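What the coordinates show
Residue-level listing of the chains:
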Amino acid sequence: MDFNMKKLASDAGVFFSRAVQFTEEKLGQAEKTELDAHFENLLAKADCTKNWTEKILHQTEVLLQPNPSVRVEEFLYEKLDRKVPSRVTNGELLAQYMVEAANDFGPGTPYGKTLLKVGETQKRLGGAERDFMHSASINFLNPLRNFLEGDWRTITKERRILENRRLDLDACKARLKKARAAEAKASAEHELRVAQTEFDRQAELTRLLLEGISSTHVNHLRCLHEFVEAQATYYAQGYQYMLDLQKQLGRFPGTFVGNAESTSPPPATTSPTTVSATIPVVPAVGRAPNPATAVEGALNLSDVKPPASGTRKARVLYDYEAADSSELALLADEMITVYSLPGMDPDWLIGERGNQKGKVPVTYLELLS
C-alpha cells in the first residue's frame, strides 16, 4: 500500500511538472526542444498518410455499399466478430423480379421471353458485382483498415510517449537553470542526463516507426493495383454480358416490333464515330406537303435514289429481321451502303445490299468513314 501511494505521488508530480511545462510553452515563458527537420518531415508524411487513408477507405466503402444503414450494420457485425448475413445484390434482386414477372406474363410470349433473358443477364451482373465487392474488400479495404487499426495506433502511442519525454526533458532544463545551490545543481544535472537518454531512446524508436510509412505506401500501392484489376475484370464482365444480351435480343425482333414505326431500336454499343457520323442526305425531288409522313408512311423504294457521292459504308453489328417489306434484313458482320432521306426518323437509315434496299436501324450499324 505504501509503495502504491509513493508511485501515485510520483506520477502525480510528473503529471504536474509536464502540465506546467506545457502551459509555459504555450504562453511563451519556457523554451521547447525542437525536433530536427527530417523528423518533422516524417511526422508530416505520417499524418498525411493517415488522413488520406481514412478518406480513401471511407469512400471505397461507399462505392461498394452505397446504403449507409447496411454499412453501419456490417460494421457492427465486424466489431462483434459475427458473420455478416448474406445479401442479394441489386442486380440479383432485379433478376428475381424479372423472372417472376416472365412466369406470370408467360415465358413463351415475346415480352416474357425477353424478361427471362434480361433477368438472366442481370443475375450474372449481380454475381460479378458480388465477386468484385469480395475481392476489393479482401485485397484493398482490409489492408487499409489494418494500417489504421494496427500500425497507426502504435505510431500514435509512441508519439505520445515521445511528447511526454520531451516535456520531461525541458522541465529538467528549466529546473537546472533555476538551481542555485551546488547540491541542487548536481541533482538537476543528473535528472537532465536521465531525461535526455530517455528522450533520445524514444525519439529513435519513433523515428524507426515513422520511416516504416514508406513500406506502408509500397504495400498500399500493391493493394491499389489489385483493386484496379478487380474493378477492370468486373466492368469487362459487365460489358461482355450486355453485348451477349444485345445479340440475343437482336435474334428476337418480335420483342421490339409490336409497332415497327414507333418502337425505338435497342441502345447502340458502337464507337463514338457511329453516333457523331454525318449521314449524306438524298436531295428531295419536288417538295412534299409533309416529308416525314411521306417517308415513314409510304416508302416507295423504287423511287429512292442514293446520292451521287458521299454514301457511307456500314458494318452490321447484330442480326436483324425485317418487320415488313420496307425494311432490309441484316446479318451480323456484313457490309452495306447507307444514306438518309429528308424527314426520316434519325434512328433509321436507308440501306442497300446489291439490288436489295430498305430501312435499317442505326443502332445495329457501325458507320465507317
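Details of the structure are given in the entry above.
Given the structure is predicted, the values throughout are model-derived calculations rather than measurements.

1. Remarks on the overall build of the chain
- Looking only at helices and strands, the chain has nine helices and five strands in total.
- In the chain, the succession of helices and strands from N to C terminus is α-α-α-α-α-α-α-α-α-β-β-β-β-β.
- The buried share of the chain, taken over its 369 residues, is 34%.
- Sequence separation of at least 24 residues holds for 71% of the intrachain contacts in the chain that already meet a minimum separation of 6.
- Accessible area for the chain stands at about 22500 Å²; split by element, carbon and sulfur atoms hold 57% of it.

2. A word on the nonpolar core
- Within the largest apolar cluster, 31 residues are counted, with the highest numbers of intra-cluster contacts made by Phe132, Phe140 and Leu210.
- At 14 residues, helix α5 (residues 110-178) tops the list of elements feeding residues into this core.
- Apart from the residues within four sequence positions on either side, phenylalanine 140 is in contact with Ile56, Thr60, Ser135, Cys223, Leu224 and Phe227.
- Within the second largest apolar cluster, 21 residues are counted, among which are Leu328, Val338, Trp348 and Leu365.

3. So, the packing of helix α2 (residues 37-64) against helix α6 (residues 182-211)
- The contact between α2 and α6 brings their axes to 9 Å, and the two run at 45 degrees. Our classification of the angle between α2 and α6 gives oblique. Along this stretch, α2 crosses α6, giving a crossing that reads as left-handed. The segment α2 lies against α6, with His38, Phe39, Leu42, Leu43 and Ala46 engaging Ala203, Thr206, Arg207, Leu210 and Glu211.
- For the contact of α2 with α6, the residue count by class is six nonpolar, two polar and two charged.

4. As for the packing of helix α4 (residues 90-105) against α5
- Contact geometry for α4 and α5: axes closest at 7 Å, N-to-C directions at 165 degrees. One finds that α4 runs roughly antiparallel with respect to α5. Classified by chirality, the crossing of α5 by α4 is left-handed. Across the interface between the two elements, Gly91, Glu92, Leu94, Ala95, Met98, Val99, Ala101, Ala102 and Phe105 from α4 touch Tyr111, Gly112, Leu115, Leu116, Val118, Gly119, Gln122, Lys123, Gly126, Gly127 and Arg130 from α5.

5. As for the sheet that holds strand β1 (residues 312-316)
- On the basis of which strands lie adjacent, the open sheet formed by five strands has the order β4-β3-β2-β1-β5 and antiparallel pairing. The two strands at the open ends of the sheet, each matched to only one other strand, are β4 (356-361) and β5 (365-368). Within the sheet, the average angular offset between the axes of one strand and its neighbour, ignoring direction, is 40 degrees.
- Across four bridges, the pairing between β1 and β5 is antiparallel. Pairing of lysine 313 across the sheet is with leucine 368, part of β5.

6. Quick notes on the pattern of salt bridges
- Counted under the stated rule, the structure contains 16 salt bridges.
- With a shortest N-O distance of 3.4 Å, arginine 175 and glutamate 191 are connected by a salt bridge. Here glutamate 191 lies in helix α6 and arginine 175 lies in helix α5, a separation of 16 residues in the sequence.
- Take glutamate 191: its relative accessible area is 32%, and that puts it in the partly exposed class.
- Across the salt bridge formed by arginine 222 and glutamate 226, the nearest N and O atoms sit 3.1 Å from each other. In this pair, arginine 222 and glutamate 226 both sit in helix α7 (residues 213-250), four residues apart, roughly one turn of the helix.
- Taking relative accessible area as the criterion, arginine 222 reaches 43% and is therefore assigned partly exposed.
- Connected through salt bridges with shared partners, the residues Asp36, Glu204 and Arg207 form a single ionic network.

7. Brief notes about the environment of glutamine 356
- Mapping glutamine 356 onto the fold places it in strand β4.
- By relative accessible area, which is 44% here, glutamine 356 ends up partly exposed.
- For the pair glutamine 356 and leucine 328, spaced 28 residues apart in the sequence, the C-alpha separation amounts to 7.4 Å.
- Contacts of glutamine 356, omitting those with residues within four sequence positions, involve Leu328 and Gly351.
- At a separation of 2.4 Å, a polar atom in the side chain of glutamine 356 contacts the side chain of arginine 353.

8. Some points on the environment of lysine 357
- In this fold, lysine 357 is placed in strand β4.
- Spatially, the C-alpha atoms of lysine 357 and threonine 337 are 9.5 Å apart, while their sequence positions differ by 20 residues.

9. Digging into the packing of aromatic side chains
- This model, assessed by the stated rule, comprises nine aromatic pairs.
- With a centroid separation of 6.4 Å and an interplanar angle of 50 degrees, the aromatic rings of phenylalanine 147 and tryptophan 152 are classed as tilted. A single burial state applies to phenylalanine 147 and to tryptophan 152, both of which are buried.
- Note on tyrosine 318 and tyrosine 364: the rings are 5.8 Å apart at their centroids and 85 degrees apart in plane angle, and the pair reads as edge-to-face. Residue tyrosine 318 is found in the loop between β1 and β2 (335-339), and its partner tyrosine 364 is found in the loop between β4 and β5; the two are separated by 46 residues along the sequence.
- Of the residues examined, tyrosine 364 reaches a relative accessible area of 2% and is grouped as buried.
- Through successive ring pairs, a cluster of aromatic residues spans Phe132, Phe140, Phe227, Tyr234 and Tyr235.

Analysis parameters
Residues numbered from 1 in each chain as written. Predicted model: local features only at pLDDT ≥ 70, side-chain atom pairs only at ≥ 80, totals over all residues. Heavy atoms only, no water. Helix = DSSP H or I, 4+ residues; strand = E, 2+ residues; numbered from the N terminus. Buried < 20%, exposed > 50% of the residue type's maximum accessible area, 1.4 Å probe, protein only. Contact = heavy atoms within 4.5 Å. Areas by Shrake-Rupley, 256 points an atom, 1.4 Å probe, with all protein chains shown as cover. Core = buried A, V, L, I, M, F, W, Y, C linked by side-chain atoms within 4.5 Å. Axes fitted to C-alpha atoms, helices over the stretch in contact; angles between N-to-C directions. Parallel < 35°, antiparallel > 145°, perpendicular 65-115°, else oblique. Left-handed = near helix turned anticlockwise from the far one by under 90°. Nonpolar A, V, L, I, M, F, W, Y, C, P; charged D, E, K, R; others polar. Pairing = 2+ DSSP bridges. Salt bridge = Lys/Arg side-chain N within 4 Å of Asp/Glu carboxyl O. Polar contact = N/O pair within 3.5 Å; in protein donor to acceptor, adjacent residues only side chain to side chain. Phe/Tyr/Trp six-rings, centres within 6.5 Å; stacked < 30°, edge-to-face > 60°.

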